[in-house]
Amino acid sequence: VRQEVQKLYNTPADKVRQMPCGYDQNIFKPQQVEKKALLKQLQLNIPFNSRLIIFVGSLSMTKGIDLLLKAATLLAKETSLHFLLIGSGDIKKIFTTTEIAAFALERVHFLGYQPPELLAKIHNIGHLAVLPSRSEGFGLALLEAMACARPVVTTAGHGAEEFAIGAIVAQLNPKLLAQAILKIC
């Protein structure tokens, strides 16, 4: 990010300070969460031993929701994987009925917006967070997941390379995204 600002504004390195974005450390932290109780609260009838992949962001092409759903489809044979998608939006407004039918959505759960306190608990029962963005200002959702001691899988090119712990894959490649998810889980 620093190099982009220097180049864009033709500014010397000593005049550019990079300030990290923040998250609420009182909320996003490792914590003991009763997984069964939380799954029940979220009205998710999934096996207790499921590996949970967490996506937080608007359900949009910019956030790479299509790439994530394609990766989930590639991982359909991995029956212990469940994808929890948290954020606003409706895939019916993004994709046609035919496109939606092509995705394997049996283990993809759309949870809508969740308040930060509940989101932190969800991260704490998850196995990893994923953010396959085409464009990202910072990736606060990744930082929040990592604050809960969870690795992340994200795409290159939006600054996450400077702080992400997990895997960084090329943009627009659902196969690499699926492989990284499977490797970390």
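Above this text sits the structure in question.
Residues numbered from 1 in each chain as written. Predicted model: local features only at pLDDT ≥ 70, side-chain atom pairs only at ≥ 80, totals over all residues. Heavy atoms only, no water.

Caption draft 1: Layout of the sheet that holds strand β3 (residues 108–112). Across the sheet, six strands lie side by side as β3-β2-β1-β4-β5-β6; this open sheet has parallel pairing. Of all strands in the sheet, those bounded by a partner on one side alone are β3 and β6 (166–169). Adjacent strand axes in the sheet meet at a mean angle of 20 degrees, parallel and antiparallel pairs treated alike. Relative to strand β4 (residues 128–131), strand β1 (residues 51–56) runs parallel, the two being bridged by two bridges. Residue I53 lies in a different strand from β4, and its bridge partner there is L128. (Pairing = 2+ DSSP bridges. Helix = DSSP H or I, 4+ residues; strand = E, 2+ residues; numbered from the N terminus. Axes fitted to C-alpha atoms, helices over the stretch in contact; angles between N-to-C directions.)

Caption draft 2: View of the pairing of β4. Of the two faces of β4, the one carrying L128 and V130 and the one carrying A129 and L131 are both buried. The handedness of the β4 to strand β5 (residues 152–155) crossover, carried by helix α6 (residues 140–147), is right-handed. (Buried < 20%, exposed > 50% of the residue type's maximum accessible area, 1.4 Å probe, protein only. Right-handed = clockwise from strand over helix to strand, strands pointing away.)

Caption draft 3: Just the packing of helix α3 (residues 65–74) against helix α7 (residues 174–184), in detail. Their axes nearest at 8 Å, the elements α3 and α7 cross at an angle of 60 degrees. Between α3 and α7, the interaxial angle falls into the category oblique. Note on packing geometry: the crossing formed by α3 with α7 is right-handed. From α3, L67, L68, K70, A71 and L74 reach across to α7, where they touch P174, K175, L177 and A178. Tallied by class, residues from the contact of α3 with α7 come to seven nonpolar, no polar and two charged. (Parallel < 35°, antiparallel > 145°, perpendicular 65-115°, else oblique. Left-handed = near helix turned anticlockwise from the far one by under 90°. Contact = heavy atoms within 4.5 Å. Nonpolar A, V, L, I, M, F, W, Y, C, P; charged D, E, K, R; others polar.)

Caption draft 4: Quick look at the pattern of salt bridges. Overall, the coordinates contain three salt bridges when judged by the stated rule. Linking E78 and R51 is a salt bridge whose minimum nitrogen-to-oxygen distance equals 3.5 Å. Of the two residues, E78 sits in the loop between α3 and β2 (81–86) while R51 sits in strand β1, which places them 27 residues apart along the sequence. A salt bridge links K63 to E136; the shortest N-O distance between them is 2.8 Å. Linking K63 in the loop between β1 and α3 with E136 in the loop between β4 and α6, this pair joins segments that are 73 residues apart in sequence. Summarising the burial analysis for this pair, K63 and E136 share the class buried. (Salt bridge = Lys/Arg side-chain N within 4 Å of Asp/Glu carboxyl O.)

Caption draft 5: Geometry of the state of the cysteines. All chains considered together, the criterion is met by zero disulfides. Here C148 is not cross-linked by a disulfide; its sulfur's nearest cysteine counterpart is in C185, at 16 Å. (Disulfide = S-S within 2.5 Å.)

Caption draft 6: Expanded view of the pairing of β1. The element β1 is extensively covered by neighbouring structure, given that six of its six residues are classed as buried. What you see with β1 is no split at all: R51, I53 and F55 on one side and L52, I54 and V56 on the other are buried throughout.

Caption draft 7: Structural detail: a nonpolar patch on the surface. Residues V5, L8 and Y9 make up a contiguous nonpolar surface patch of roughly 330 Å² in combined accessible area. Mapped onto the elements of the fold, V5 is located in helix α1 (residues 2–9). With a relative accessible area of 31%, V5 lands in the partly exposed category. (Patch = residues over 30% accessible without salt bridge, like charges linked within 9 Å, V, L, I, M, F, W, Y side chains within 5 Å. Areas by Shrake-Rupley, 256 points an atom, 1.4 Å probe, with all protein chains shown as cover.)

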